[in-house]
Amino acid sequence: MRRRLLLLLSLALLIAACSPTIRRGRGGDDDDSAGDDDDAVDDDDDATDDDDAVSEYACGWPSWAGADDIEDPGFGGSIAVGETYPRVRADDQCGEEVDLYDFGGGPPILVVVYAAWSWPDRAMAEWLLGGDGSSMGLDDYEDVRDAVNSGDLHWVSMLYHGVESEPADSNDVDKWHDEFGHSAVPVLAGDDVASAAEWQELVSIPNLTLLDSDMTVLDWTSGAWTAVLDSAQNAL
């Protein structure tokens, strides 16, 4: 009789070991693992946040960590393909000093020097916003405009002159931005912009300079400014 009771007890324990209750306990462990996975997802989110570059600028411009690694040649000498573009620092439409080199390390950069009194400059700025560019022969460059809108090309506007042909200041920047403001395009003015314009020995306006991600001059307006747009379009 005792042996039968022991046998029945052993069988009961064996059945209990394979019961759903024990499997639920394993499920609980899985739930804990899932919780750990959830924590891992949260950690990944944190990692993503850390990886996302946070702009140092009020207007949201790039803040490239490698900007200081480029040797600034200054405004000596003259512009040429293969040379490094000078490190321009000038105020933008948010009233903040912007470093041109912060736009490096990514897509090509198109630096465009404008004069507020020039109708071709105004027509180009209007075209960049989606306007008709036929008067400037811009119909063939929609890829460039699309690349600016998508972030595949940086467009940096430098306002050289105001409406009265005087050196542009913050008021001129505000007026230009009110008329032609583009969320992805800084409008810069100041002493460095004037120095850059003189250094480039402007032969026409708008004056365009295409830069590589390391601020190397790829092309610039030495004749027809549309040639630089051709180069920009080919670089995309």
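Residues numbered from 1 in each chain as written. Predicted model: local features only at pLDDT ≥ 70, side-chain atom pairs only at ≥ 80, totals over all residues. Heavy atoms only, no water.

### Focus: the pairing of strand 3 (residues 109–115)
Among the seven residues of strand 3, seven are classified as buried, and the element is accordingly described as predominantly covered. When strand 3 meets strand 4 (residues 154–161), the two strands line up parallel, connected through seven bridges. Following the sheet pairing, Ile109 is matched in strand 4 by His154. Bridging between strand 3 and strand 6 (residues 207–211) involves five bridges; their strand directions are antiparallel. When the sheet's bridge partners are listed, Val111 is paired in strand 6 with Thr209. (Buried < 20%, exposed > 50% of the residue type's maximum accessible area, 1.4 Å probe, protein only. Helix = DSSP H or I, 4+ residues; strand = E, 2+ residues; numbered from the N terminus. Pairing = 2+ DSSP bridges.)

### Some points on the pairing of strand 4
Burial runs high along strand 4: seven of the eight residues are buried. Relative to strand 5 (residues 187–188), strand 4 runs parallel, the two being bridged by two bridges. When the sheet's bridge partners are listed, Met158 is paired in strand 5 with Leu188. Between the parallel elements strand 4 and strand 5, the chain passes through helix 5 (residues 170–180) in a crossover that is right-handed. (Right-handed = clockwise from strand over helix to strand, strands pointing away.)

### Comments concerning the nonpolar core
By size, the foremost hydrophobic cluster in this structure holds 31 residues, and its most contacted members are Leu110, Met124 and Trp155. The leading source of residues in this core is helix 3 (residues 119–128), at five residues. Those residues in contact with Trp155, other than ones at most four positions away along the chain, are Leu110, Val112, Tyr114, Met124, Trp127, Leu128, Val144, Val148, Ala184, Val185 and Pro186. By size, the runner-up hydrophobic cluster in this structure holds 25 residues, among which are Ala67, Tyr85, Val88 and Val111. (Core = buried A, V, L, I, M, F, W, Y, C linked by side-chain atoms within 4.5 Å. Contact = heavy atoms within 4.5 Å.)

### Things to note about the pattern of salt bridges
Using the criterion set out here, one finds four salt bridges in the structure. A salt bridge links Arg87 to Asp68; the shortest N-O distance between them is 2.8 Å. Here Arg87, found in the loop between helix 2 (20–51) and strand 1 (89–91), pairs with Asp68, found in the loop between helix 2 and strand 1; they are 19 residues apart in sequence, far enough to count as distant. On the accessibility criterion, Asp68 (63% relative accessible area) is exposed. Because the salt bridges share partners, they merge into one network encompassing Asp68, Arg87, Arg89 and Asp99. (Salt bridge = Lys/Arg side-chain N within 4 Å of Asp/Glu carboxyl O.)

### Thoughts on the state of the cysteines
By definition, a disulfide is the covalent link that joins the sulfur atoms of two cysteine residues. Enumeration over the complete set of coordinates arrives at one disulfide. Here Cys59 is linked by a disulfide to Cys94, with a sulfur-sulfur distance of 1.8 Å. One disulfide, between Cys59 and Cys94, carries an S-S torsion of 95° and so falls in the right-handed class. In this pair, Cys59 sits in the loop between helix 2 and strand 1 while Cys94 sits in the loop between strand 1 and strand 2 (97–99), placing the two residues 35 residues apart along the sequence. On the accessibility criterion, Cys59 (23% relative accessible area) is partly exposed. (Disulfide = S-S within 2.5 Å.)

### Regarding a negative patch on the surface
Negative charge collects at one region of the surface, where Asp132, Asp139, Asp140, Glu142, Asp143, Asp146 and Asp230 lie side by side. With three residues, the single largest contributor to the negative patch is helix 4 (residues 142–150). Of note, Asp132 is situated in the loop between helix 3 and helix 4. (Patch = residues over 30% accessible without salt bridge, like charges linked within 9 Å, V, L, I, M, F, W, Y side chains within 5 Å. Areas by Shrake-Rupley, 256 points an atom, 1.4 Å probe, with all protein chains shown as cover. Lys, Arg positive; Asp, Glu negative; His and termini not counted. Charge placed at Lys NZ, Arg CZ, Asp CG, Glu CD.)

### Here we look at the sheet that holds strand 4
Taken together, the five strands give an open sheet; going across it, the order is 5-4-3-6-7, and neighbouring strands pair in mixed fashion. With partners counted over all chains shown, the strands left at the sheet margins are strand 5 and strand 7 (217–220), one partner each. Contacts from helix 6 (residues 191–200) reach strand 3, strand 4, strand 5, strand 6 and strand 7, with the element oriented near 90° to strand 4. Docked against the sheet, helix 7 (residues 226–235) engages strand 3, strand 6 and strand 7, running at close to 25° with respect to strand 6. (Axes fitted to C-alpha atoms, helices over the stretch in contact; angles between N-to-C directions.)

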